[in-house]
Structure formats: structure tokens, C-alpha cells
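Coordinate inspection notes
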Amino acid sequence: MKKLEVIIKSFKLDDVKEGLSAIGIKGLTVSEVKGFGRQRGHKEIYRGAEYQVDFVPKIKLEVVMETELVNEAVKVILDKATTGQIGDGKIFILPVDEVIRIRTGEKGKNAI
Amino acid sequence: MNAGDTVFVLLSAALVMFMTPGLALFYGGLVRNKNVLGTIMQSFILLGLITLEWVMIGYSMSFGPDIGGIIGNLDWFALSGVGMEPSESYGTTIPHLAFMIFQCMFAIITPALITGAFAERIKFSAFILFSLLWAILVYNPLCHWAWGGGWMGKMGALDFAGGTVVHISSGAAAFIAALVTGKRKGFGITQYIPHNLPMAITGAALLWFGWFGFNAGSALSCSGLAANAFVVTHISASAAALAWVSAEWIHSGKPTTLGAASGAVAGLVAITPACGYVGPVSAIIIGLVAGALCFCGVMLKSRFGYDDSLDVVGIHGLGGIWGALATGLFASVAINPAGANGLFFGNPGQLWIQFISVIGTIAFSFFMTFIILKVVDLIIGLRVSIEDEERGLDISLHNETGYN
């Protein structure tokens, strides 16, 4: 099993969620996060004074899946979340040791 | 006594009262969230403090029997002799008390305007003492000079609703206050981004609304002159909002809500001394220039490197100076026979008189504000500790936080 941590532009969330649902992903977790990458924040101007804002708001998805699904999921995310502009985000793929559904105590694949 | 005039002035007084909480929201939205309550408090508490000062001695010092064109005497201490009958000299168709309370609201908002200059760093106790001394030693004399039978009014200076008394005086004081108080911790490194612009815009809207009482109410009668003041006030605010937004759109590439609000306030400031003497077309010009000029003034601030946190100098100081001079340019006896003609209506001398009143107000406010601040610094100390400044005024001075 793998976990994908995906940073995307906020307005791409719906597209990515639908794309992932379509290939059989049954659940994911979403957070509003802030950070910077090569885009290096953005500029804000108040009464003519410029402020460099280092951390840009993004959406972070966390989704756990069977290893076989990973390639397809990555393809969907690349397809749905790309604008071609800087700041499109990143995908991190991590190994997952175990998954347990709290209500039933089920483990592994069945608990995803 | 005239019932219509009385209703009008009392309601105008209520409108002007509402400007001080409006200013509190305007300023409160522009500071960081840890200082929102401290900033709001600095306006709100003046409704309490200055009202008592005004009732006890302020009104008498400002409008009481004249001593040598400089100050009123204390014959009207604690409103003695100020009653339900009209006064002999002010607003002769309304109860003297109505005129007194209308003027009281002006006395309250003027020191509140200054608070934008030392926002986010001054002790509450020092602020209270400063405001009280400033009201007594700066506002009351200036008010007397312009409106209470003092030398400025006698000289023929035109100030319909408080361009010199309220805006130039507070703008000049703000400049000194920013210099004497010093910069906020981390000035030049820390980003002082406004924490709640919708709150600031709401405050600016309340100011605009209240300003109708401020300017039209200054006619002290339910009359054509009041309607003129109301109309040109609205026109100038509108023109200035457009001018500021246009200037920043050209300069920085984006039109901003804070720019629209700041521009409107600049236009309101500029029309204040002129509103009883100029017509609608003049008001458009006054507003357009005010918006563009104050934008430039605020932009230039960073060159000088002083920390006038909320741009009191750039908006009230500069806007007030422009308004006072513009009155000397655009005033016309066709609008108000009790006024005078300005330069553009064949009387260049009026511009000179306006200039003298501007210089007199700035010099007096500079000098007195400096002395008052030094005295308060000596007795109490102006600044909160670095630690308290870092934690924010809300929790360190008031034991509250704005957002939980």
C-alpha cells in the first residue's frame, strides 16, 4: 500500500477528486495548507506599499491506495491538476505499513 | 428658534458621533490582528474622555467669551449658561445645547484621527494623558481661532466644517507623533499587512455616511446651504475614490479596495473646509486632486522612513492642506454670501488668508504636540515594552483578544 501526498492549486481540487473517484479511489483527506516552492510566494500591495508574501495557499490531498493503483492515480492527477504555470504543486509517494478501520478493526487492503 | 434646524443639527450630531466608531473600524482593520482591540479602543474611549473634557472646560475654551483672539474664557465652565435657549452668536435658531453637542463630536474625532500615527505601540495610559492634553491645549485653541471669535476667523479664513481645526491639526500632530514615538518593532523587516480589509472598508463607509452630518450639519440650519454642503461632500468623496484607484491602477497595476476607501476619505477631508463655499463642479476638481495627491503623499512616505502607521499625515494632513487652499481657490459668494470669493472668482487675497491659516495651524500643532508628547514620555513613557509590543496591545494592555 502507498500513500500519495499531493499539493495542488486550490481551484483544481474538484477536478482531481472526481478523477480519482473515477478510477476507484474511495476516500481521501483534504487540508488547506500554505507553503512555497520555486514560485517563491506572491506580492501584495496595500496603499502602494509592496509586501512579499512567502507562503502561498494550496490544497494538500492525502490518499492511501493499493500499490497497483499508484501509476494510474498519478496519471489522473497529472492530467487534472496541470495548468502549465508555476505553482502547480507536487506529488509525494510514501510506503504505508498498515491500515486499520477503527469501526470494525479490519486491516490491510479491506480497510482502505 | 426653528424646529427644523434643531432636528437637523441634533441628527447631524448623532451622525458625527458615529464617525468615531467608524474610524475605529477603519483603523482596526488596517492593523495586525493582535492589535485590533487596542486600536479600536483608542478611538472608542475618546467618546468618554473628550465628552467630559468638552462639557467641563472644552466648550467654554473653544466658544466661550473671547480673550484676545486666542482662547475662550471659562465663563461657561461645566456648561453654566449653556441652555435650551439659542446662544447669541452660534446657531441662533437652535438651542445652545444642540450647538454644543454637535461641536462636541468634532472635538472627539479629532484626537481619534491622530491615533493612526502611533498605532500598535503606545501605552494606553500615555495615550489617555496625551489625548486629554492635546484636546485642551491644541484642539480648543484652534477651534476658538477658527470658529469661536479667534484671530483666524476674524482674519477672514474660511473653514466651513473643520479643514484646519480637525484635519490639518490632527495630520500635523500625527507627523510629530510618528517621529517622537518612533518606529514599530521590526519596521522595514516585519510585514504590517492589514488584517481585516472588510472591517476597514466598513469603517470607511461609516465615515462617509457620518460625514454628511459633519459637513451639511455645519450649516447649522436645515437650508439650501446644508444641501449644497451635502452634495459637494458626496461629489468630492466619489471623485477622490476614482482618482486614487486610477492612480494606483496606473502605478501598481491593480485597483484595490483599500485604495477606493482611502481615496474616498481623502476626498471627504479635502471638501470639509470648502463644502459651504464651493459648487458641484469645483467639488469634482477638489476631489480628483485630493485622491491623486494623497495617493502620492502616501507613496512618498516610504522615502522618508518615518512610521506613520495608518497614513494620517498623507490623508488628513495633505488632504486638509489641499482642502484649505482649494477653499481659497474655489470659494464663491454665489454659493454662500457670508463667505468670500476665491482666486478663481477674482479674489486672490483669499488664497493668502487660507495659506496663513494653514501655516498657523501646522506650526501651532507641531509645536504643542511635540511638547505634550515629551511631557507624557517623561511622566509615563510613551511606548509599551518590546515584549508587550510583540505580544500585541490587545492581550498585553487590555487582557482580551479580538478573535478566539
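Coordinates for the structure precede this section.
Calculation rules
- Residues numbered from 1 in each chain as written.
- Chains lettered and ligands numbered in written order.
- Predicted model: local features only at pLDDT ≥ 70, side-chain atom pairs only at ≥ 80, totals over all residues.
- Heavy atoms only, no water.
- Phe/Tyr/Trp six-rings, centres within 6.5 Å; stacked < 30°, edge-to-face > 60°.
- Helix = DSSP H or I, 4+ residues; strand = E, 2+ residues; numbered from the N terminus.
- Buried < 20%, exposed > 50% of the residue type's maximum accessible area, 1.4 Å probe, protein only.
- Contact = heavy atoms within 4.5 Å.
- Buried area = accessible area lost by both parts, 1.4 Å probe.
- Salt bridge = Lys/Arg side-chain N within 4 Å of Asp/Glu carboxyl O.
- Polar contact = N/O pair within 3.5 Å; in protein donor to acceptor, adjacent residues only side chain to side chain.
- Nonpolar A, V, L, I, M, F, W, Y, C, P; charged D, E, K, R; others polar.
- Core = buried A, V, L, I, M, F, W, Y, C linked by side-chain atoms within 4.5 Å.

Digging into the packing of aromatic side chains
Tallying each qualifying case throughout the model produces 29 aromatic pairs over all chains. When the centroid spacing of 5.8 Å and the interplanar angle of 50 degrees are considered together, the rings of A:Phe36 and A:Phe55 count as tilted. Of the two residues, A:Phe36 is situated in the loop between β2 (29-35) and β3 (42-46) and A:Phe55 in the loop between β4 (49-53) and β5 (56-65); the sequence distance between them amounts to 19 residues. By relative accessible area, which is 45% here, A:Phe55 ends up partly exposed. Measuring from centroid to centroid gives 5.6 Å for B:Trp211 and B:Phe214, while their planes differ by 50 degrees, and the two rings are tilted.

Digging into the interface of chain A and chain B
One frequently used descriptor of interface size is the decrease in accessible area upon assembly of the parts. Contacts between chain A and chain B engage eight residues on the former and 17 residues on the latter. For the pairing of chain A and chain B, the buried interface totals around 1000 Å² over both sides, and the portion due to carbon and sulfur atoms is 60%. Contact with chain B buries surface across chain A, with A:Tyr46, A:Arg47 and A:Tyr51 losing the most and accounting together for 71% of the total. One can count one salt bridge joining chain A with chain B. Salt-bridge contacts for A:Arg47 lead to B:Asp311; the nearest nitrogen and oxygen are separated by 3.3 Å. On inspection of chain A and its partner chain B, the count reaches five residue pairs in polar contact (both at pLDDT 80 or more). Taken together, the elements giving at least two residues each to the side of chain A that touches chain B come down to β3 and β4 of chain A. Residues of the side of chain A that touches chain B, tallied by class, amount to four nonpolar, two polar and two charged.

Re the nonpolar core
Of all hydrophobic cores here, the largest spans 116 residues; its most connected members are B:Phe26, B:Trp54, B:Tyr59, B:Phe63, B:Tyr139, B:Phe214 and B:Ile286. Considering every element that reaches this core, the biggest residue donor is helix α3 (residues 96-114) of chain B, with 13 residues. Aside from chain neighbours lying at most four places away, what touches B:Phe214 is B:Val16, B:Met19, B:Phe102, B:Phe106, B:Ile109, B:Ala161, B:Val166, B:His167 and B:Thr272. A:Leu4, A:Val6, A:Leu69 and A:Ile77 belong to the second-largest nonpolar core, a separate cluster that totals 19 residues.

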